[in-house]
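# Observations on the model geometry
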Amino acid sequence: QVQLVESGGGLVQAGGSLRLSCAASGSIFVINAMGWYRQAPGKQRELVATIISGGSTDYADSVKGRFTISRDNAKNTVYLQMNSLEPEDTAAYYCNAILIILPGNGEARAYWGQGTQVTVSS
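Please read these numbers as outputs of a predicted model, since none were measured by experiment.

What counts as what
- Residues numbered from 1 in each chain as written.
- Predicted model: local features only at pLDDT ≥ 70, side-chain atom pairs only at ≥ 80, totals over all residues.
- Heavy atoms only, no water.
- Helix = DSSP H or I, 4+ residues; strand = E, 2+ residues; numbered from the N terminus.
- Rg over C-alpha atoms; globule rule 2.2 N^0.38 Å.
- Buried < 20%, exposed > 50% of the residue type's maximum accessible area, 1.4 Å probe, protein only.
- Contact = heavy atoms within 4.5 Å.
- Areas by Shrake-Rupley, 256 points an atom, 1.4 Å probe, with all protein chains shown as cover.
- Core = buried A, V, L, I, M, F, W, Y, C linked by side-chain atoms within 4.5 Å.
- Patch = residues over 30% accessible without salt bridge, like charges linked within 9 Å, V, L, I, M, F, W, Y side chains within 5 Å.
- Salt bridge = Lys/Arg side-chain N within 4 Å of Asp/Glu carboxyl O.
- Phe/Tyr/Trp six-rings, centres within 6.5 Å; stacked < 30°, edge-to-face > 60°.

Secondary structure summary: the protein chain contains zero helices and eleven strands in total. Reading the protein chain from its N terminus to its C terminus gives the helix and strand order β-β-β-β-β-β-β-β-β-β-β. For the protein chain, whose C-alpha radius of gyration is 14 Å, the value lies close to the compact-globule estimate of 14 Å for 122 residues. Judged by the C-alpha coordinates and their principal axes, the protein chain covers about 50 × 25 × 20 Å. Per-residue burial over the protein chain gives 42% buried out of 122 residues. Partitioning the intrachain contacts of the protein chain with sequence separation of at least 6 by distance along the chain shows that 57% fall at a separation of at least 24. With the model as given, the accessible surface of the protein chain reaches about 6400 Å², and the carbon-plus-sulfur share is 48%.

In structure tokens:
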């Protein structure tokens, strides 16, 4: 019913930039929030950044000042601009959306993308 499709990952040298995109599609009534998480090998999945429908954002301390999350509500798309990338940013990045579908019971639930790999070389 709902798909989140990520793009924009890849290999980049330390200090470089990448821009991730995630488009949500399907029987969506409203999207309350969208965000990005990441998971490095052997580590737990962690929050990178989130943005709610009103535009407020939140970031992990490790990416503040380097990453910027933005959203195009008309396209149900969220972006993550990543600058000054470090080898420690290497991980699989997953898009997340908290949304309500139609038809449904009106309850919001979380959906996940398939992940896109970001590799930062030193």
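Let us now look at the nonpolar core. Formed by 33 residues in total, the largest nonpolar core has its most connected members in Trp36, Leu80, Met82 and Tyr93. Of all the elements in the fold, those that place two or more residues in this core are β1 (2-7), β3 (18-26), β4 (28-39), β5 (46-52), β7 (67-72), β8 (77-82), β9 (91-101) and β11 (116-121). No other element matches the six residues that β9 contributes to this core.

Side chains of Phe29, Val30 and Leu102 sit close together on the surface and give an oily, nonpolar patch of about 280 Å² of accessible area. With respect to the helices, strands and loops of the structure, Leu102 is situated in the loop between β9 and β10 (109-112). On the accessibility criterion, Leu102 (46% relative accessible area) is partly exposed.

Let us look at the pattern of salt bridges. Summed over the entire model, instances satisfying the criterion amount to five salt bridges. When the shortest N-O distance is used, the salt bridge between Arg38 and Asp89 registers 2.9 Å. Here the residue Arg38 occupies a position in strand β4, and Asp89 occupies one in the loop between β8 and β9, the gap between them amounting to 51 residues. The exposure classification of Arg38 matches that of Asp89, with both residues buried. Put simply, Glu86 and Arg66 hold a salt bridge, and the shortest N to O gap is 3.9 Å. Placement of Glu86 in the loop between β8 and β9 and of Arg66 in the loop between β6 (57-59) and β7 is noted, with a sequence separation of 20 residues between them.

By the element assignment, Ser121 lies in strand β11. In this structure Ser121 comes out as partly exposed when scored by relative accessible area, which is 27%. Here the alpha-carbon distance between Ser121 and Leu85, two residues 36 residues apart in the chain, equals 9.2 Å. If sequence neighbours within four positions are ignored, Ser121 has contacts with Leu11, Val12, Gln13 and Ala14.

Another point: the packing of aromatic side chains. Scanning the model with the defined rule gives one aromatic pair in all. Between Tyr37 and Trp112, the aromatic rings sit 5.0 Å apart at their centres with planes inclined by 65 degrees, giving edge-to-face as the arrangement. With Tyr37 in strand β4 and Trp112 in strand β10, the pair connects residues that are 75 residues apart, well separated along the chain. Among the residues examined, Tyr37 registers a relative accessible area of 22% and is labelled partly exposed.

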